[in-house]
Amino acid sequence: MLFFEQFITEIIGTGVVLFLVLGLRILTSKLIRKYAKTSEIIEHRTRLVIKYIHLFINILALFSTIIIWGVQTKDIIVAISSVTTVVGVAMFANWSILSNITSGIILFFSFPFKIGDFIKIHDKDFPVEGEIEDIRAFHVYLKAIDGEKIIYPNNLLLQKGVSIIKNTFEEKEFVD
């Protein structure tokens, strides 16, 4: 009981942060789903962006709670800089992963092309043409005219010129 009496302000502050986190998560999920519905964005892409935003909200809530409980700001800065240094060194080798994730988010929000579009990627060394079958966090899945499956990284898709052309696949009647 003594614990509650000593730290009543911190407990109330933590409760407010948790309440705000729940509210923000619900609000952002609804807003993103509403945007995805009006833009006809695929559900798994919507869930991916929601997951990223929820992670960001949770990190902010963690820092807020740490500050509420009286951890010194200089201690937080030392801890963050240490973690950032270790993660930065580890991720430097994997920069393309971060680049692909960032590109996936950009493709989600800018929405330059959609599933079903037939595109031509203007790459001098390896030109690619195909229908977009799926757009995920790291790659875009294409199907070439000859049926070849092509997995193209999102970061290269944003770096190269892309033409959206009409569907040139032959229309085939469905036969059971």
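Predicted model, so just to flag it, every value in this text is computed and none were measured.

Calculation notes
- Residues numbered from 1 in each chain as written.
- Predicted model: local features only at pLDDT ≥ 70, side-chain atom pairs only at ≥ 80, totals over all residues.
- Heavy atoms only, no water.
- Phe/Tyr/Trp six-rings, centres within 6.5 Å; stacked < 30°, edge-to-face > 60°.
- Helix = DSSP H or I, 4+ residues; strand = E, 2+ residues; numbered from the N terminus.
- Buried < 20%, exposed > 50% of the residue type's maximum accessible area, 1.4 Å probe, protein only.
- Expected span 1.5 Å × (residues − 1).
- Pairing = 2+ DSSP bridges.
- Axes fitted to C-alpha atoms, helices over the stretch in contact; angles between N-to-C directions.
- Salt bridge = Lys/Arg side-chain N within 4 Å of Asp/Glu carboxyl O.

Caption draft 1: Looking closely at the packing of aromatic side chains. Applying the stated criterion to the full structure yields one aromatic pair. A ring pair is formed by F7 and W69, whose centres lie 5.6 Å apart and whose planes are at 40°; its orientation type is tilted. Placement of F7 in the loop between α1 (2-6) and α2 (8-39) and of W69 in the loop between α3 (43-68) and α4 (73-92) is noted, with a sequence separation of 62 residues between them. Residue classification places W69 among the partly exposed residues on the basis of a relative accessible area of 35%.

Caption draft 2: Structural view of α3. Helix length check: α3 (26 residues) gives 37 Å between terminal C-alpha atoms against 38 Å at 1.5 Å per residue, within 8%. For α3, the complete set of buried residues consists of R45, T46, V49, I50, H54, I57 and A61. Where α3 ends, the next residue or the one after it, G70, has phi of about 90°, a positive value.

Caption draft 3: Inspection of the sheet that holds strand β4 (residues 149-153) at higher detail. Strand order in the open sheet formed by five strands is β4-β3-β2-β1-β5, and the pairing between neighbours is antiparallel. Among the strands making up the open sheet, the edge pair consists of β4 and β5 (161-165). Between one strand axis and the next, the sheet turns by 40° as a mean value, whatever way the strands run. Relative to β5, strand β1 (residues 118-122) runs antiparallel, the two sharing five bridges. Bridge assignment links I121 to a residue of β5, and that residue is V162.

Caption draft 4: Layout of the pattern of salt bridges. One pass over the full model with this rule turns up two salt bridges. Of the charged contacts in the structure, one is a salt bridge between D123 and K160, with a shortest N-O distance of 3.7 Å. Here D123, found in the loop between β1 and β2 (128-135), pairs with K160, found in the loop between α6 (154-159) and β5; they are 37 residues apart in sequence, far enough to count as distant. Relative accessible area serves as the criterion here: at 16%, D123 is assigned to the buried category. What makes K160 partly exposed here is its relative accessible area of 28%. Ionic pairing is found between K149 and E133, a salt bridge with its closest N-O pair at 3.1 Å. Of this pair, K149 sits in strand β4 while E133 is found in strand β2, placing the two residues 16 residues apart along the sequence.

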